[in-house]
Amino acid sequence: MDFKKVWPEKRWKKIIFVSLVSIIIVSFIVSIFLYLGINSDVSSELIIVNEQGTAIALLIYHPGFSSFTKDISIAYAEGLELNDWRIIITTANENAPTNISEYDLLILASPVYGGAPSPTIGRYVDRLEDLEETETVIIVTAAGSPGNTVQTMQEIIEQNNGVNNSNNVLFTSAPNEGNESAIVLSKIAGSEIFP
Ligand SMILES: Cc1cc2nc3c(=O)[nH]c(=O)nc-3n(C[C@H](O)[C@H](O)[C@H](O)COP(=O)(O)O)c2cc1C
């Protein structure tokens, strides 16, 4: 391509041209950044809450761009701890535990992206192949419009032979139930699950 043919001669046209090219480049970089953040498995250490607990729960989450989903997951684990659960927490990635028969409860937590959960959660469940009728809790974090995310996660669970125990939807921007903090609500939800 002959660059001189594309490069405008008039100053105002040059400004518009450079602005448009800059917008396209920035949009492209932002799209790649979002795509990777939404779709990529993220490695993390295992966090163990209440090591002495008798019943064992596995909490798998997609971390997202902010700390919200992790904070909500840890709050949920703190609620479970009140009922003597031991909780193993980690992100949805290839090294996350897959020996599902060792767990009494599975919790899947995902942010909402465009009305859907992160694909990392579906990929994790696919790696398990069979949930062996494990009771499974869904946690969805969203700005305020979760769309069909809960239903999509329910389908993922049911297709893999899991049993949907309960669902929790927590908002970052919209008010949560009773104007209560999302963290407090998540801890309460966890405290309502008994071994
Ligand atoms: C690309 C993108 C798409 C999103 N789509 C939705 C959406 O459809 N509905 C919604 O309520 N929140 C949406 N959110 C907000 C996140 O679900 C919300 O911030 C979530 O609680 C935490 O995810 P984060 O840590 O990645 O921000 C979106 C966020 C991003 C970055």
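Residues numbered from 1 in each chain as written. Predicted model: local features only at pLDDT ≥ 70, side-chain atom pairs only at ≥ 80, totals over all residues. Heavy atoms only, no water.

### Focus: the overall build of the protein
What counts is decided by this rule: Where helices and strands are cited, they refer to DSSP runs of H or I of at least four residues and of E of at least two residues respectively, numbered from the N terminus. Note on method: radius of gyration uses C-alpha positions; expected globular size equals 2.2 Å times residues raised to 0.38. The classification of residues rests on relative accessible area computed with a 1.4 Å probe and restricted to protein chains. Under 20% of the type maximum is buried, over 50% is exposed, and intermediate values are partly exposed. Exposure was quantified through the Shrake-Rupley algorithm and a 1.4 Å probe, taking into account, for residues, occlusion by the shown protein chains and nothing else.
Broken down by element type, the protein carries six helices and seven strands. Overall, the protein shows an N-to-C arrangement of helices and strands of α-α-β-β-α-β-β-β-α-β-α-β-α. For 195 residues, the compact-globule estimate of 2.2 N^0.38 gives 16 Å, and the C-alpha radius of gyration of the protein, at 21 Å, exceeds that figure by more than 25%. Along the three orthogonal principal directions, the C-alpha set of the protein runs to about 75 × 40 × 30 Å. Relative to its 195 residues, the protein shows a buried fraction of 41%. When the accessible surface of the protein is totalled, it reaches about 10,800 Å², and 55% of it is carbon and sulfur.

### Some remarks on the domain arrangement of the protein
Keep this limit in mind: For each domain, the first and last residues come from an automatic or database assignment. Residues count as neighbours in contact if any of their non-hydrogen atoms are within 4.5 Å of one another. Buried area is understood as the total, over both parts, of accessible area removed when two parts are fitted together, assessed with a 1.4 Å probe. Salt bridges are defined by distance alone: a side-chain nitrogen of Lys or Arg within 4 Å of a carboxyl oxygen of Asp or Glu. Here a polar contact is taken to be a pair of N or O atoms separated by no more than 3.5 Å, where protein atoms must pair a possible hydrogen donor with a possible acceptor and residues adjacent in sequence count only if both atoms sit in side chains.
The domain architecture assigned to the protein consists of domain 1 (3-39) and domain 2 (47-191). Relative placement of domain 1 and domain 2: their C-alpha centres are 39 Å apart. The partner domain 2 presents seven residues to the five residues of domain 1 that form the contact. Summing the contributions of domain 1 and of domain 2, the shared interface buries around 510 Å²; its carbon and sulfur component is 66%. It is Gly37, Ile38 and Asn39 in domain 1 that bury the most area against domain 2; as a group they hold 84% of the surface buried on that side. At the boundary of domain 1 with domain 2, the tally comes to zero salt bridges. Between the two partners, domain 1 and domain 2, sit three residue pairs in polar contact (both at pLDDT 80 or more).

### Examining the site of the ligand
Spelled out, the test is: By convention in these notes, a residue is near a molecule or strand provided one of its non-hydrogen atoms lies within 4 Å of it. Classification used: nonpolar for Ala, Val, Leu, Ile, Met, Phe, Trp, Tyr, Cys and Pro, charged for Asp, Glu, Lys and Arg, polar for all others including Gly.
Near the ligand there are 16 residues, and of these Phe65, Ser66, Val112, Tyr113 and Ser145 occur at the shortest range. Within the side chain of Thr141, an N or O atom sits 3.3 Å from an oxygen atom of the ligand. Separating an oxygen atom of the ligand from a backbone N or O atom of Gly144 is a distance of 2.9 Å. When isolated, the ligand has an accessible area of 600 Å², and the protein chains bury 76% of it. Within the residue set of the shell around the ligand, elements represented by two or more residues are strand S4 (105-113) and strand S6 (135-142). The element that contributes the greatest number of residues to the shell around the ligand is S4, accounting for three residues. Along the lines of polarity and charge, the residues of the shell around the ligand split into eight nonpolar, eight polar and no charged.

### Some remarks on the packing of aromatic side chains
Applicable threshold: What counts as a ring pair is set by centres within 6.5 Å for rings of Phe, Tyr and Trp (its six-membered ring), and what kind of pair is set by the plane angle: stacked under 30 degrees, edge-to-face over 60, tilted for all other angles.
What the rule picks out here adds up to three aromatic pairs. Here Phe33 and Phe65 contribute two aromatic rings whose centre-to-centre distance is 5.4 Å and whose plane-to-plane angle is 40°, an arrangement assigned as tilted. Residue Phe33 is found in helix H2 (residues 11-39), and its partner Phe65 is found in the loop between strand S2 (55-61) and helix H3 (68-81); the two are separated by 32 residues along the sequence. By relative accessible area, which is 41% here, Phe65 ends up partly exposed. The interplanar angle of 80° and the centroid separation of 6.1 Å between the aromatic rings of Phe65 and Tyr113 together place this pair among those described as edge-to-face. With a gap of 48 residues between them, Phe65 in the loop between S2 and H3 and Tyr113 in strand S4 connect regions that are remote in the sequence.

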